[in-house]
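# Structure at a glance
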Amino acid sequence: MEEPADPEADQPPPRDDHAFLGHPRGLATLSGLEVWERFSFLGMQAILVLYFADTVANGGLGMNPGTAASVSAAYGTMVYLVSVAGGWLADRILGSYRAVLWGGILIACGHYAMAVPTAAMTWAGLGLISAGTGLLKPNVASMVGKLYRTDDDRRDAGFALYYMGINIGAFAGPLITGWLGEHQGWHWGFSAAAVGMTAGLVQYVLGRRHLAGRKHSAEFALAPEAMRSAVRKIVGGLLAVAALATVLAGLGWLTMGRFVDLLTLISVIAPVVYFAVMFRSPRVSAEERGRLRPYAVLFLASVAFNFILFQAYSTMMLLASTNAETSILGFHFPASWYASALGAFEVALAPVVAALWVRMGRRQPHASNKIAIGVLLGGLSFLLMIIPTSGHGGDTYKMAAWWIIGSYLLLGLGDILLETSGMSATTKLAPKAFSSQTMALWFLSLALANGIQAQVVKLYGEVSNPVYFGVNGGIAIAVGLAVIALAPWLRRTMHPVH
């Protein structure tokens, strides 16, 4: 069936489109989708590690804290590993619009599955959410980039507003799912996440006409016969992997611990292979290849920062549930509400940062310096936790709520600086033939961060908290300083990024 002619489907909106806070109207549609996607994803993730660690009698899975944090991180690893396939499917088969649509449908189905109070449905739901997020995340970010021409100074500010939308969901999600999870039952919290993702899908479809990249066909579609062959191989491969995993699990070889280790190994190998493929591809010009080299530095900076960031939903949640006060000025709240503080700070700070970049115009700091400062703030957020966790004779102490809130303030500001600049730079540095897939490569940095986290968090509870947070924070500080030292080279090689 031929697609209706729509010559503007892949073109950025007119430069005079300022309908949404000075930005193209399509930014409202994509930001609205991310509000609900993050509401569901982070709302669920805020209670996931607590659900894993809770006793079976209370409706949890009865894991020890280190294992619960490791499995939660492994789930995050799987989510972002699948984003590679999501980028390829958008570029070659589905197109960006349909990739995002089907990704959202899978995510919603996954959350509905997790609402069923059985362990089997929990694992099935996590699998569906992983597949759906891998389709949605790299492609919706690429669609934001398509709203702007390369020389449009609004681009970084647009990504900041987009990221503010993400964090409205990140703020609201844990408030709803956390209260339901800790008062009504964990699966009630998962149900709220399902409803949120459904709302996001509805507004995405209704706002389609304002999007660049909205056509049904892929931008670099395979030939019909090659496409049919690829679909057959994908379906066959998935069935073969599922059968092999079932057999190995039945034989007792594929344990949860080995599965976590396997995901970590894949998270290390995948970005190395992917960089190698792009560097050697004949469809990548010499100029584009030169821009990939500084991108590798930004990739490693993203790994260092997100290794800290993702622990806001694992070790920091566990610390909050056992060693932090859950009342402020006499008001008592679930421990999972601490995760909302991170979203709240980003909601409040994102428009300030966006306005600052617009006001500064071409005088704003180079993207590499924004990213380096973000990494430094991430490291400081962990170093701060040395103070309240030191000097205690046992594990029964309670720290004031302001310590975790202060840590999340630093982490939130760092997240705005790094993620918005990183995603914006990715859309500029991406080789044209790998546009969606290069954004997927950015998300592979998140997979690697989670893969490393899945191993490191096993030490949580085995070493003292001051040592744990101090060493991890110190490593992030060292990476941030290294990026600053490379700033002159990065400025020379990252054109057209300013």
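Note that this is a predicted model, so its numbers are computed, not measured.

## As for helix α9 (residues 286-309)
Residues spaced three or four apart along an α-helix face the same direction, because each turn holds 3.6 residues. In this model α9 runs 35 Å from its N-terminal to its C-terminal C-alpha over 24 residues, within 8% of the 34 Å that 1.5 Å per residue would give. Approximately 30° is the largest bend angle found in α9, and it occurs at Pro 294.

## Quick look at the layout of surface pockets
Of the volumes computed, that of the largest pocket is approximately 1,800 Å³. Residue lining of the largest pocket: 43 residues in total, with Met 78, Val 82, Gly 127, Leu 238 and Val 241 positioned closest to the centre. Contributing elements (two or more residues each) for the lining of the largest pocket: α2 (65-94), α3 (96-114), α4 (119-145), α7 (224-250) and α8 (256-280). It is α2 that provides the largest number of residues to the lining of the largest pocket, a total of 13 residues. Per-class residue counts for the lining of the largest pocket are 37 nonpolar, five polar and one charged.

## What about the confidence of the model for the protein?
Close inspection of predicted coordinates is inappropriate for parts of the model with low pLDDT. The share of residues in the protein with pLDDT of 70 or more is 89%, and the mean pLDDT across the chain is 82. Note that residues 1-5 has pLDDT below 50 and, in this model, three contacts with residues that lie over four places away or in other chains.

## Remarks on empty space enclosed by the protein
This model, assessed by the stated rule, comprises five cavities of 30 Å³ or more. If you add up the space inside the largest cavity, you get close to 250 Å³. Around the largest cavity sit 19 residues that line it, and Arg 38, Tyr 80, Tyr 163, Leu 309 and Asp 415 are the ones nearest its centre. Those elements that provide at least two residues to the lining of the largest cavity are α1 (26-53), α5 (155-183), α9, α11 (338-360), α14 (401-429) and α15 (435-456). In terms of residue count, the dominant contributor to the lining of the largest cavity is α5 (four residues). Among the residues making up the lining of the largest cavity, the classes are represented as twelve nonpolar, two polar and five charged.

## Brief notes about the environment of Asp 395
Its location among the elements puts Asp 395 in the loop between α13 (386-389) and α14. Exposure remark for Asp 395: the relative accessible area of 64% places this residue in the exposed category. Sequence separation of Asp 395 and Asn 465 is 70 residues, and the distance between their C-alpha atoms is 9.8 Å.

## Notes on the pattern of salt bridges
Per the stated rule, a full pass over the model turns up two salt bridges. Across the pair Asp 261 and Lys 458 runs a salt bridge, and its minimum N-O distance is 3.2 Å. Of this pair, Asp 261 sits in helix α8 while Lys 458 sits in the loop between α15 and α16 (465-485), and the two are 197 residues apart along the sequence. A residue is classified by how much of its surface remains accessible, and Asp 261, at 36% relative accessible area, is partly exposed. A relative accessible area of 35% places Lys 458 in the partly exposed class.

Definitions and cut-offs
- Residues numbered from 1 in each chain as written.
- Predicted model: local features only at pLDDT ≥ 70, side-chain atom pairs only at ≥ 80, totals over all residues.
- Heavy atoms only, no water.
- Helix = DSSP H or I, 4+ residues; strand = E, 2+ residues; numbered from the N terminus.
- Expected span 1.5 Å × (residues − 1).
- Bend = angle between axes of the 7 residues up to and from the residue.
- 1 Å grid on protein atoms, 1.4 Å probe; cavity = no way out; pocket = protein on both sides within 12 Å on 5 of 7 lines; lining within 4 Å.
- Points joined across faces, edges and corners; volume = space filled by probe spheres on them.
- Nonpolar A, V, L, I, M, F, W, Y, C, P; charged D, E, K, R; others polar.
- pLDDT = per-residue confidence, 0-100.
- Contact = heavy atoms within 4.5 Å.
- Buried < 20%, exposed > 50% of the residue type's maximum accessible area, 1.4 Å probe, protein only.
- Salt bridge = Lys/Arg side-chain N within 4 Å of Asp/Glu carboxyl O.

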